[in-house]
Amino acid sequence: MTLSGTNLEHAKVHNRRVVIETIRLHGQLTRAEIARLTHLTPQTVSNITRELEQTGWLQSHQPIRSGRGQPAIPLSIAPDGAYSIGIHLDQGLLTIIVADLAGHALQRCDVSLQSNEPSDILGQVKNILHKLRHSDRFDWQKVLGIGWVMPGPFNVRGISSAGPTTLHGWENININNELETEFGFPVWVANDATAAALGERLYGVATQLHSFVYLFINNGLGAGIYLNGHIYDGCSHNAGEIGHIIVQPQGRLCFCGNQGCLERYLSLQAAYELCQLVGDEATPQQLLRIDDEQLEQWLQVAVCATRQAVNIVECLFDAEAVILGGMIPEPILAKLVNRLAPLPRSVRSRVPDELRVRIGQTGLDAAALGAAALPILLIAQDSNFDRL
Ligand SMILES: [Zn+2]
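Residues numbered from 1 in each chain as written. Predicted model: local features only at pLDDT ≥ 70, side-chain atom pairs only at ≥ 80, totals over all residues. Heavy atoms only, no water.

Asker: How should helix α2 (residues 31-38) be read in this particular structure?
Answerer: Since the α-helix turns once every 3.6 residues, residues separated by three or four places project in the same direction. Restricting attention to buried positions, one finds in α2 the residues Ile34, Ala35, Leu37 and Thr38. Looking at the buried side of α2, the elements it contacts are α1 (12-26), β1 (28-29), α3 (42-54) and β3 (75-77). Two residues or fewer after α2 comes histidine 39, characterised by a positive phi angle close to 65 degrees. (Buried < 20%, exposed > 50% of the residue type's maximum accessible area, 1.4 Å probe, protein only. Helix = DSSP H or I, 4+ residues; strand = E, 2+ residues; numbered from the N terminus. Contact = heavy atoms within 4.5 Å.)

Given below as structure tokens:
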């Protein structure tokens, strides 16, 4: 599927994003090819690509000669045209990466947090960023902004203040203000599932997809919803809190106060409990060390719950794929996904199972790269781009 541009002048911002996305998807394209793929006029393509070359986002390659006329010049995204900082905060863990426009992590910093106190964590983040400012691996002047990602939901009484699957104390902290004042960059805050979905769209298994839902398996469970070329995150940025959809009436008690929530079966926390991992043993790495019999205690219920989740998501959104990823170790996720067939019937039944459910990125990079994708994707469709 290709994106279509529009020739209305007020749609310049939209067209710029379409051109960037189209070049990204195809690697290298000439202006004529961009015009053909986007249905934009050659003049519009010429204006946008000139602007993108001036800001350093595009690079030109050796001209291609074919027959008479001007040789065509292929264009591609210039990885070092700009940089972005991605920050992922999770229980006891802070990851900061600097990524280029191609999604390569040029620098990364993983910190085990001794305290979950927001002021301590913000202090550590600021120290790390001040050190990165002097790095010779990238040009600090070309940093577009900061994407900050943490588990949701944000500011919802009842389900954001209870249990081990949420972060406490951040309800009244204005992260944007804290970092924008200190560094002068724009800052975007999103939940981990939304950011991971953007990361997959920009760099991962979803680069060719126009609609998909990413199930982010963490201590809890969240969904990143990408529909018709856009993230949908809801009126209070809490869309996709799929972990608290009730799938088993009278089922396992949830920290939110309900019974039978999806994340009581499909999440790392559920895996720890059902595999009887407690204290320091309750880690993703420990799940890789236990024997099959112990893991089976969780896998059986997780397979059922995942089928339910896929069914709900497919019937609700009719998206091209459901992508599974998150902080769950990839070998464990592969075991889970291999046992999903046959998937329940849904509006996507005519599609082969392996296309309906796909494995995305897992581990620390999934959300951190997604965080770094936020400034890159959002600034390209922002009118402020003109001032870069
Ligand atoms: Zn719940």
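Moving on from the coordinates now.
Asker: Please explain the packing of aromatic side chains as it appears in this structure.
Answerer: Where two aromatic rings form a pair, the distance of their centres and the angle of their planes describe that pair. Across all of its chains, the model carries seven aromatic pairs by this definition. On the basis of an interplanar angle of 50 degrees and a centroid distance of 5.2 Å, the ring pair of tryptophan 140 and phenylalanine 185 is categorised as tilted. Placement of the pair is tryptophan 140 in the loop between α4 (118-132) and β7 (143-150) and phenylalanine 185 in the loop between α5 (175-183) and β8 (187-191), with a sequence separation of 45 residues. The class of phenylalanine 185 is buried, set by a relative accessible area of 10%. Through a chain of ring-to-ring contacts, three or more aromatic side chains come together here, namely Tyr83, Phe138, Trp140, Phe183 and Phe185. (Phe/Tyr/Trp six-rings, centres within 6.5 Å; stacked < 30°, edge-to-face > 60°.)

Asker: What should I look at first to understand the UniProt feature "domain: HTH marR-type" (unreviewed entry) in the chain in this one?
Answerer: UniProt tags residues 18-62 as "domain: HTH marR-type" (unreviewed entry). Segment residues 18-62 splits into 67% helix and 11% strand. End C-alpha atoms: 24 Å apart. (UniProt positions renumbered as here; feature names shortened; annotations may be inferred.)

Asker: Whenever I open this one, the sheet that holds β7 confuses me. Can you help?
Answerer: Neighbouring strands of a sheet are bound in pairs by backbone hydrogen bonds; such pairs are parallel or else antiparallel. Spatial ordering of the open sheet is given by β6-β5-β4-β7-β8, a layout of five strands whose pairing is mixed. Across the chains shown, the open sheet's two edge strands, defined by having one partner strand only, are β6 (105-112) and β8. Strand-to-strand, the axes of this sheet are offset by a mean angle of 15 degrees, without reference to chain direction. Along the sheet, α4 makes contact with β4 (83-90), β5 (93-100), β6 and β7, crossing β5 at roughly 30 degrees. The sheet contacts of helix α6 (residues 192-203) involve β4, β5, β7 and β8, and relative to β8 the element is tilted by about 105 degrees. (Pairing = 2+ DSSP bridges. Axes fitted to C-alpha atoms, helices over the stretch in contact; angles between N-to-C directions.)

Asker: Help me understand the environment of glutamate 200, please; the structure alone is not making it clear to me.
Answerer: Among the structural elements, glutamate 200 can be located in helix α6. When its relative accessible area of 2% is taken as the criterion, glutamate 200 is described as buried. For the pair glutamate 200 and leucine 295, spaced 95 residues apart in sequence, the C-alpha separation works out to 28 Å. If we skip the residues at most four places from it in the chain, glutamate 200 touches Val205, Ala206, Thr207, Tyr214, Gly360 and Gln361.

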